[in-house]
Amino acid sequence: MPGTDRGPAVPQDGAGPGRRLTRRKLLAAGGLAAGGAIGAAALRGCGEAAASPAVPFHGPQQAGILTPRQHHVRLAAFDLGTRTDRGRAAALLLRWTTAAEHLTRGEPVPAALEPPGSRAADTGALADSGPARLTLTFGLGPAFFDRTGLTAARPEALAPLPAFPEDQLDPARGGGDLLVQIGADDAFVTTHVLRTLRRLAHGEAQLRWAMTGFTAADGRRNLMGQVDGTNNPEPARALVSAPDAPAWLTGGSYVVIRRIRMLLDHWDALPPAHREQALGRRASDGAPLTGGGERTPVDLAAARPDGVPVIATNAHIRLAAPTSNNGATMVRRSWSYHDGHRADGTPDAGLLFTAWQPDPRTGFVPVQQRLSRGDALGRYLVHEASAVFAVPGGIRRPGTYVAQSLLEA
């Protein structure tokens, strides 16, 4: 049934129906000898992290959801290969998980993790970088379940997003079977980690798209000059907590990713008052136009003496407010991007919008549907790429891997 983590047992290494996957078999499928070069040292816990800042890898949630946002991100999606079945996908996720345990501690990836047929190896490029608050967060796209024979286990909440008016989506830069979010305070680290994961996916998955983002030094403003992320709900509101959630998703989340190009040349030419009216907040400190400070609740009922609403009827904060969307909320963890200039000379720049929630159908979708019907800020935005992923719960101990209970059910 949809929403469960049960499925047929996967034949592995000649095993017949009904045989369960084991760690030994998965390691063998990935070209590793269980108990060999990985050993206890290669799978030790995060308590032995290097002295430089490290984010614990193991826990009830994957790091990168509740973790304070880092200064740099690499978002990447992979598509499984044509020969990659459920068992091979499990071996890939075990390989990635094991590599992530090392990378987040600032350690090189053991040679034993290199996939069969790969002639490359870790170059030691991160030897002087330290952990840099590195986090790796893995997600599963809708097609992942079909490709691995787990269609019946795909959660109903992982439905494809509906089309929204004015979208100009490039399919090549959206979707994907597997998501990896790589966050760190060092762009060199995020770049090298993506190269590493791509190498470790040799023969099993191909990079579909990758996007690079960054934050301001204080992490507050986007390229439009706005204070971003104000009035975010508590981060824990992003987590799946439904009692009927499958075991592999408990403590996890859903993430919607949108690449949103900002029409910065047009935006910059607007009078400051016009920009503030479009958003509904002051540019100087992010406070609502109804007064107070950045965290002051907006008074959507406030009106000027002539009866005109202080917050315009098409202002972004009015249309996006939970009270305007039957209480719908999302935890926004977004980064800016700037990829040079387009052929017409305008900046190819904007926001890598990531919205975390327990169900996109009651979070992102209703809010975006309302915004698409007249948001004043939307006149200066172009939605160019889109994807949605289910993000499994955390890896609680060494030797296990992301989505294990799903893939070995």
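All values reported here derive from a predicted model rather than from experimental measurement.

The rules behind each value
- Along every chain, residues carry numbers that run from 1 in the direction the sequence is written.
- Predicted model: local features are reported for residues with pLDDT of at least 70 only, side-chain atom pairs are reported and counted for 80 or more only, and whole-chain, interface and lining totals are derived from all residues.
- Neither water nor hydrogens contribute to the side-chain values; these are computed over all heavy atoms in the structure.
- Counting from the N terminus, the helices are the DSSP runs of H or I reaching at least four residues and the strands are the DSSP runs of E reaching at least two.
- For the exposure calls, accessible area comes from a 1.4 Å probe over protein chains only, and a residue counts as buried if that area is under 20% of its type's maximum, exposed if over 50%, partly exposed in between.
- When checking whether two residues touch, look at their non-hydrogen atoms; a contact exists if any pair is within 4.5 Å.
- Only the protein chains shown count as covering a residue, and every accessible area follows the Shrake-Rupley method with a 1.4 Å probe.
- Values of pLDDT, the confidence the predictor places in each residue, fall between 0 and 100.
- One less than the number of residues in a helix, times 1.5 Å, gives the span that helix is expected to have.
- Counted as a polar contact is a pair of N or O atoms within 3.5 Å, where, for protein atoms, one must be capable of donating a hydrogen and the other of accepting one, and residues adjacent in sequence contribute only when both atoms are in side chains.
- Each cavity reported here is a set of points on a 1 Å grid over the protein atoms alone in which a 1.4 Å probe fits but cannot get out, each pocket an open set with protein on both sides within 12 Å along at least five of seven lines, and each lining residue one with an atom within 4 Å of a point.
- Grid points are joined across faces, edges and corners, and a volume is the space filled by probe spheres set on the points.
- For the purposes of this section, nonpolar cores are sets of buried Ala, Val, Leu, Ile, Met, Phe, Trp, Tyr and Cys residues that join through side-chain atoms within 4.5 Å.
- A pair of strands is labelled paired if DSSP reports no fewer than 2 bridges between them.

Caption draft 1: Main features of the overall build of the protein chain. The number of helices and strands found in the protein chain is 10 helices and 9 strands. Relative to its 409 residues, the protein chain shows a buried fraction of 52%. In the protein chain, the proportion of contacts linking residues at least 24 apart, taken out of those at least 6 apart, comes to 80%. If you sum the accessible surface of the protein chain, you get close to 17200 Å²; carbon and sulfur atoms cover 54% of it.

Caption draft 2: The arrangement of the confidence of the model for the protein chain in detail. Model confidence for the protein chain is summarised by a mean pLDDT of 88, while 87% of its residues fall at 70 or above. In the model, residues 1-19 has pLDDT below 50 throughout and makes 47 contacts with residues more than four positions away in sequence or in other chains. Contacts of residues 33-51 to residues separated by more than four positions or lying in other chains number 35 contacts, the stretch itself having pLDDT below 50.

Caption draft 3: Up close: helix H5 (residues 187-200). Under the 1.5 Å per step criterion, the end-to-end length of H5 is 20 Å for 14 residues, consistent within 8% with the ideal 20 Å. Taken together, the buried positions of H5 are occupied by Val-189, Thr-190, His-192, Val-193, Leu-194, Thr-196, Leu-197, Arg-199 and Leu-200. Elements that come into contact with the buried residues of H5 comprise strand S1 (72-80), helix H3 (86-103), strand S2 (135-140), strand S3 (178-184) and strand S4 (205-214). For H5, the side-chain oxygen to backbone nitrogen distance between the N-cap and Phe-188 is 2.8 Å, and the N-cap itself is Asp-186.

Caption draft 4: Geometry of empty space enclosed by the protein. As enumerated under the stated definition, the model contains 1 cavity of 30 Å³ or more in all. A volume near 50 Å³ is recorded for the largest cavity. Lining the largest cavity are 13 residues, with Arg-69, Arg-221, Asn-222, Ser-334 and Ser-336 positioned closest to its centre.

Caption draft 5: Structural detail: the nonpolar core. The biggest cluster of nonpolar side chains holds 83 residues, and the ones touching the most others in it are Phe-78, Trp-96, Phe-144, Leu-178, Val-193 and Leu-406. With 9 residues, the single largest contributor to this core is H3. If you look at the next biggest cluster of nonpolar residues, it comprises 20 residues, including Val-73, Leu-75, Val-255 and Ile-257.

Caption draft 6: A look at the pairing of strand S8 (residues 347-357). In terms of burial, S8 is largely enclosed, as 11 of its 11 residues are buried. Relative to S8, strand S5 (residues 253-262) runs antiparallel, the two being bridged by 8 bridges. Within S8, the residue paired with Tyr-254 across the bridge is Gln-357. Summarising the sheet, strand S6 (residues 331-332) and S8 pair through 2 bridges and their orientation is antiparallel. Within S8, the residue paired with Arg-332 across the bridge is Ala-355. Linking strand S7 (residues 335-341) back to S8 in an antiparallel pair, the connection comprises 5 residues, with Gly-345 at a positive phi of about 90 degrees.

Caption draft 7: Inspection of unusual backbone geometry at higher detail. Even without being a glycine, Ala-132 presents a positive backbone phi close to 55 degrees. Residue position: Ala-132 is located in the loop between H3 and S2. With a phi angle near 65 degrees, Ala-403 is a residue other than glycine that sits in the positive phi range. Looking at where Ala-403 falls in the secondary structure, it is placed in the loop between strand S9 (381-391) and helix H10 (404-407). The class for Ala-403 is buried, based on a relative accessible area of 5%.

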